[in-house]
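# Secondary and tertiary structure notes
What follows is each chain in one-letter form.
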Amino acid sequence: MAGLSSAHRTALSALLARCPDVALRAVSASVASAAGSQAAEMRALIGEEFRDRERCERVLKPLVPMFRARADGIVAMTFPPHILPRLWRAASAREPALLQHLEGDEPAATMVADRLCRAAASAVRDQPDLIWPPGGDEAARQKGLDDLTACLDLAHLARRGLPSLEIWVKRPDGDQIAALRLLFRDCADARVDGAPRVLEMLFAQLPDAVLTLRIVALASLAAGQDSLLGESEMSGFVDRLIAGVDLRARRIKAFKPGADLAQVDAVIADFNWCAGVLGELDVTLSLDPGSAWGKSVRDARGTIAGRMSSLLRAADKAVNLALPMEQVKIGRLMNRAVPRLSTRVDGPSVEAALSLLSLVGSARGPASTFGCEADRKTLVSALGDRLLDYADQTLRMIREGAVEGETHAFELIELAALCLDRIDADEAAHTVRRRAAAARVPVKGAGASSQAA
């Protein structure tokens, strides 16, 4: 059978170049065992596309994360994703003979990668419309082209810092700190704005934005003094993190508990993120209470702490609404509180209780940061006793024949166990389920289980 024509190869190469990595792997798998010369040529084209992408990743590694938005939403220097393949094609076309050396020994491959980055910078200067086609906001495009060129010019310095990035955000020793400061001095010598631009590239490599604070503090001779750091070119990174805290504080304040567990997960993530950033700020910088940063941090901390306290109180009330008690006469002059067994095991009140209890159970770390851990622990202890007592009383009523629908009563017991699960009272939840099983009546938990799902 005849092989692929030149036109077919050109068209297929262009099509494969547009495939996302996931789609390219799927195509590769589909032709992996196919027979015939055309399939063999197809596999060769796919293999070449994979090699080309690996080369692009290696050469442009300091910039690659900048071609996608940050997952945490923190403001960062980014470029449109469609520019990356254009940039790589232009750079590799200028130095095609060097590509084979990217698979060589590390020092030589690094030199080749740096040279290709310089070729990419030249391509952006010489052919800006080819790399970044006009359209939309022209002023933003021009600024983006300037940023991209500057980052490519400094890529060799950012590449030098990448192997030490993990060390710098942990516990670097004196020599490693000196290496970091030397790197930023070299950046400043290369360009007036070299240090903040290289920091942008390092920032893009860090999924956890708050870790950038450690690099900023180590790199700055004014580390630990926010009044001086605020005047430096590095201060923008602190501003972004504080803005991120403010944004999440507003989301936390607007949170309304309900059936959507994704909202609960999101607000828990916001609590954890804010706790991490504010804790890192406390450790990294000595904030002046009267400064703009100090005031912003104080206001955000107060807002989040107040909202957490109110949610803890709301959780206590929500459990009372989801699993209410009622007074029954046990004598002429005496009443006793017993579970109201006519209560539904689904509906808005149950949904609100489960979402709030999920937050209570997951807030241990943030509660400590915001001064609410003592209240949270007290609430967890009280809820554990109350829910265990609710289940015991319901079981007693079942044994005494004081219920009309035993199945529904056992569903209420399962709901109590589920509430215990949400506040991480695993032992108490296990006890409730064990006692229910010992009563020899199946615990179906249809309503409660559907809420858990």
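It should be noted that the structure appears before, not after, this text.
Attention in this report is confined to the structure presented alongside it. In this text the structure is predicted, and so the values were computed from the model without any measurement. (Residues numbered from 1 in each chain as written. Predicted model: local features only at pLDDT ≥ 70, side-chain atom pairs only at ≥ 80, totals over all residues. Heavy atoms only, no water.)

### Examining the overall build of the protein chain
To keep things clear, this is the line we draw: To qualify as a helix, a DSSP run of H or I must reach at least 4 residues; to qualify as a strand, a run of E must reach at least 2; elements of each kind are numbered from the N terminus. Here the globule rule is a power law, 2.2 Å times the number of residues to the power 0.38, and the radius of gyration is based on C-alpha atoms. Throughout, exposure labels follow a simple rule: accessible area from a 1.4 Å probe, protein chains only, divided by the maximum for the residue type, with under 20% read as buried, over 50% as exposed, and the rest as partly exposed. Here, two residues are considered to be in contact whenever any of their heavy atoms come within 4.5 Å of each other. Using the Shrake-Rupley algorithm and a 1.4 Å probe, accessible areas are obtained, with residue cover drawn only from the displayed protein chains. Here Asp and Glu are counted as negative and Lys and Arg as positive; His is not counted, and neither are the chain ends. Lysine's charge is taken at NZ, arginine's at CZ, aspartate's at CG and glutamate's at CD.
The helix and strand inventory of the protein chain stands at 22 helices and two strands. Against the 2.2 N^0.38 benchmark of 22 Å for 453 residues, the protein chain shows a C-alpha radius of gyration of 30 Å, more extended than a compact globule. Overall, the C-alpha framework of the protein chain stretches about 100 × 75 × 45 Å when taken along its three principal axes. Expressed as a percentage of its 453 residues, the buried residues of the protein chain come to 46%. Considering only residue pairs separated by 6 or more positions, the protein chain has 71% of its internal contacts joining residues 24 or more positions apart. Roughly 22,600 Å² of accessible area belongs to the protein chain as shown, and the carbon and sulfur atoms make up 55% of that amount. In the protein chain, 57 positive and 58 negative side-chain charges are present, and the distance between their average locations comes to 4 Å.

### Some remarks on the packing of helix α2 (residues 21-31) against helix α3 (residues 37-59)
Here is the rule: Axes here refer to lines fitted to C-alpha atoms; in helices the fit is confined to the stretch in contact. Angles between the N-to-C directions go from 0 to 180 degrees. Under this scheme an angle from 65 to 115 degrees is roughly perpendicular, one under 35 degrees roughly parallel, and one over 145 degrees roughly antiparallel; angles in between are oblique. Left-handed is the label given to a crossing in which the near helix is rotated counterclockwise from the far helix by less than a right angle, and right-handed is the label when the rotation is clockwise. Note on residue classes: Ala, Val, Leu, Ile, Met, Phe, Trp, Tyr, Cys and Pro are nonpolar, Asp, Glu, Lys and Arg are charged, and everything else, Gly too, is polar.
Closest axis-to-axis distance for the α2/α3 pair is 10 Å, and the angle between their directions is 150°. Relative to α3, the element α2 lies roughly antiparallel. Crossing hand, α2 versus α3: left-handed. Here D21, L24, R25, V27, S28 and V31 of α2 come into contact with α3, specifically with M42, R43, I46, E49, F50 and R53. Along the lines of polarity and charge, the residues of the contact of α2 with α3 split into six nonpolar, one polar and five charged.

### Remarks on the layout of surface pockets
Put simply, the test is: Note on definitions: the grid is 1 Å and covers protein atoms alone; a cavity is a set of points where a 1.4 Å probe fits but cannot get out; a pocket is an open set with protein on both sides within 12 Å along at least five of seven lines; lining residues have an atom within 4 Å of a point. Grid points are joined across faces, edges and corners, and a volume is the space filled by probe spheres set on the points.
Here the largest pocket defines a volume of roughly 870 Å³. In this structure, the largest pocket is lined by 26 residues; those nearest its centre are A17, E49, R53, L84 and P85. Broken down by secondary-structure element, the contributors of at least two residues to the lining of the largest pocket are α1 (6-18), α3 and α4 (83-94). Ranked by the residues each element gives to the lining of the largest pocket, the list is headed by α3, at seven residues.

### Considerations on the packing of helix α19 (residues 373-399) against helix α20 (residues 406-422)
Two elements in contact, α19 and α20, have axes whose closest approach is 9 Å; the angle formed by their N-to-C orientations is 165°. By the angle between their directions, the pair α19 and α20 is classed as roughly antiparallel. Handedness of the α19/α20 crossing: left-handed. Contacts between α19 and α20 involve L383, G384, L387, Y390, A391, T394, L395 and I398 from the first element and E406, A409, F410, L412, I413, A416, C419 and L420 from the second.

### Describing the nonpolar core
Counted only if it meets this: What we call a nonpolar core is a set of buried Ala, Val, Leu, Ile, Met, Phe, Trp, Tyr and Cys residues that are connected through their side-chain atoms within 4.5 Å.
L60, L148 and F370 are the most contacted members of the largest nonpolar core, which has 132 residues in total. Counting residues per element, this core draws most heavily on helix α16 (residues 292-322), which supplies 12 residues. Among residues more than four places away in sequence, those in contact with F370 are F271, C274, A275, L278, R301, I304, A305 and M308. With seven residues, the next largest nonpolar core counts L16, C19, V31 and I46 among its residues.

### Details of the packing of aromatic side chains
Operational definition: Paired rings are identified among Phe, Tyr and Trp, the last through its six-membered ring, by centres lying within 6.5 Å, and are further divided according to the angle between planes into stacked (under 30 degrees), edge-to-face (over 60) and tilted (the rest).
Using the criterion set out here, one finds two aromatic pairs in the structure. Between F67 and F79, the aromatic rings sit 5.5 Å apart at their centres with planes inclined by 45°, giving tilted as the arrangement. Taken together, the positions of F67 in the loop between α3 and α4 and F79 in the loop between α3 and α4 put the pair 12 residues apart, joining distant regions of the chain. Across this residue pair, the class does not change: F67 and F79 are buried. Pairing F203 with F237 gives two aromatic rings, centres 5.6 Å apart and planes at 80°, and the pair type is edge-to-face. Placement of the pair is F203 in helix α11 (residues 194-205) and F237 in helix α14 (residues 235-254), with a sequence separation of 34 residues.

Function cannot be inferred from these measures alone, as they are strictly geometric.
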